[in-house]
Amino acid sequence: MQQHAYIKLVPSSKQQSITTDEVKELFYYYKDITSKTGTQLGWEYEQSAFPYSLEEKREGKERWFYLKGTDKQKYKYIMVGLDSEVTEGTNTSYIQVTLPEGFTHGDKGKANEFCKFMAKQLDGELHLFNGRVMYYYKRK
């Protein structure tokens, strides 16, 4: 069964809308900083921290892309899409992270890690796979 997590860009977030290229840049940034951590520790941490390749299909251009696992036994796929919803008269953009059917425990762990990272970078509101909400923006 599929599971979904959402990173909502609320009025207190750093930005109110986002593109697929900006989300990809967040993944590249994550990959870069984790590889530097590995270098400092003297350990090849990059492949363990980000065991995926970014893939995009023509029909999903500018709307969604997916992360394809490089180790098929531990990691399969994570889908990342963009959308918006109208709530209380305001348009709220969000990033949807989907674990497709047949996902592994490794996929879910990495998806949670990526969601927390992106929510922190964007000062967003994270709705986790288990329904709980984490607030990464300054609340008034």
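For the structure itself, consult the block above.
Now for a look at the structure at hand.

Reading the values: the criteria
Residues numbered from 1 in each chain as written. Predicted model: local features only at pLDDT ≥ 70, side-chain atom pairs only at ≥ 80, totals over all residues. Heavy atoms only, no water. Axes fitted to C-alpha atoms, helices over the stretch in contact; angles between N-to-C directions. Helix = DSSP H or I, 4+ residues; strand = E, 2+ residues; numbered from the N terminus. Parallel < 35°, antiparallel > 145°, perpendicular 65-115°, else oblique. Contact = heavy atoms within 4.5 Å. Nonpolar A, V, L, I, M, F, W, Y, C, P; charged D, E, K, R; others polar. Buried < 20%, exposed > 50% of the residue type's maximum accessible area, 1.4 Å probe, protein only. Lys, Arg positive; Asp, Glu negative; His and termini not counted. Salt bridge = Lys/Arg side-chain N within 4 Å of Asp/Glu carboxyl O. Expected span 1.5 Å × (residues − 1). Core = buried A, V, L, I, M, F, W, Y, C linked by side-chain atoms within 4.5 Å. Polar contact = N/O pair within 3.5 Å; in protein donor to acceptor, adjacent residues only side chain to side chain.

For the rest of this paragraph, the subject is the packing of helix α1 (residues 20–41) against helix α3 (residues 105–122). α3 packs onto α1 with a crossing angle of 110° between their chain directions and a minimal axis gap of 11 Å. Judged by the inter-axis angle, α1 sits roughly perpendicular to α3. Side by side, α1 and α3 meet where Val23, Leu26, Phe27, Tyr29, Tyr30 and Ile33 of the first sit next to Glu113, Phe114, Phe117, Met118, Gln121 and Leu122 of the second. In the contact of α1 with α3, the residues fall into 10 nonpolar, one polar and one charged.

Moving on, we come to the side chain of Asp107. By the element assignment, Asp107 lies in helix α3. Lacking a salt bridge, the buried Asp107 has Lys76 as its closest oppositely charged neighbour, with an N-O distance of 6.9 Å. Among all residues touching Asp107, those that are not within four sequence positions of it are Tyr52, Lys74, Tyr75, Lys76, Tyr77, Ile78 and Leu99.

Moving on, we get to α3. Across its 18 residues, α3 extends 26 Å between first and last C-alpha, which sits within 8% of the 26 Å expected from 1.5 Å per residue. Along α3, the residues classified as buried are Asp107, Lys110, Ala111, Phe114, Cys115, Phe117, Met118, Ala119 and Leu122. Where α3 ends, the next residue or the one after it, Asp123, has phi of about 55°, a positive value.

Residues Val23, Phe27, Ile78 and Ile95 are the most contacted members of the largest nonpolar core, which totals 29 residues. Elements represented by at least two residues in this core include exactly β1 (3–8), α1, β3 (64–69), β4 (77–87), β5 (90–99) and α3. With seven residues, the top contributor of residues to this core is α3. Contacts of Ile78, omitting those with residues within four sequence positions, involve Tyr52, Phe65, Tyr66, Leu67, Val97, Thr98, Leu99, Asp107, Lys110, Ala111 and Phe114.

This next bit is on the environment of Tyr52. Structurally, Tyr52 can be placed in strand β2 (residues 52–55). We classify Tyr52 as buried; its relative accessible area is 3%. Distance in space between the C-alpha atoms of Tyr52 and Ile78 is 8.9 Å, their sequence separation being 26 residues. Apart from residues no more than four positions distant in its own chain, Tyr52 is found in contact with Leu67, Lys68, Gly69, Thr70, Tyr75, Lys76, Ile78, Gly106, Asp107, Lys110 and Phe114. Polar side-chain contacts of Tyr52 include one of 2.6 Å to the side chain of Asp107.

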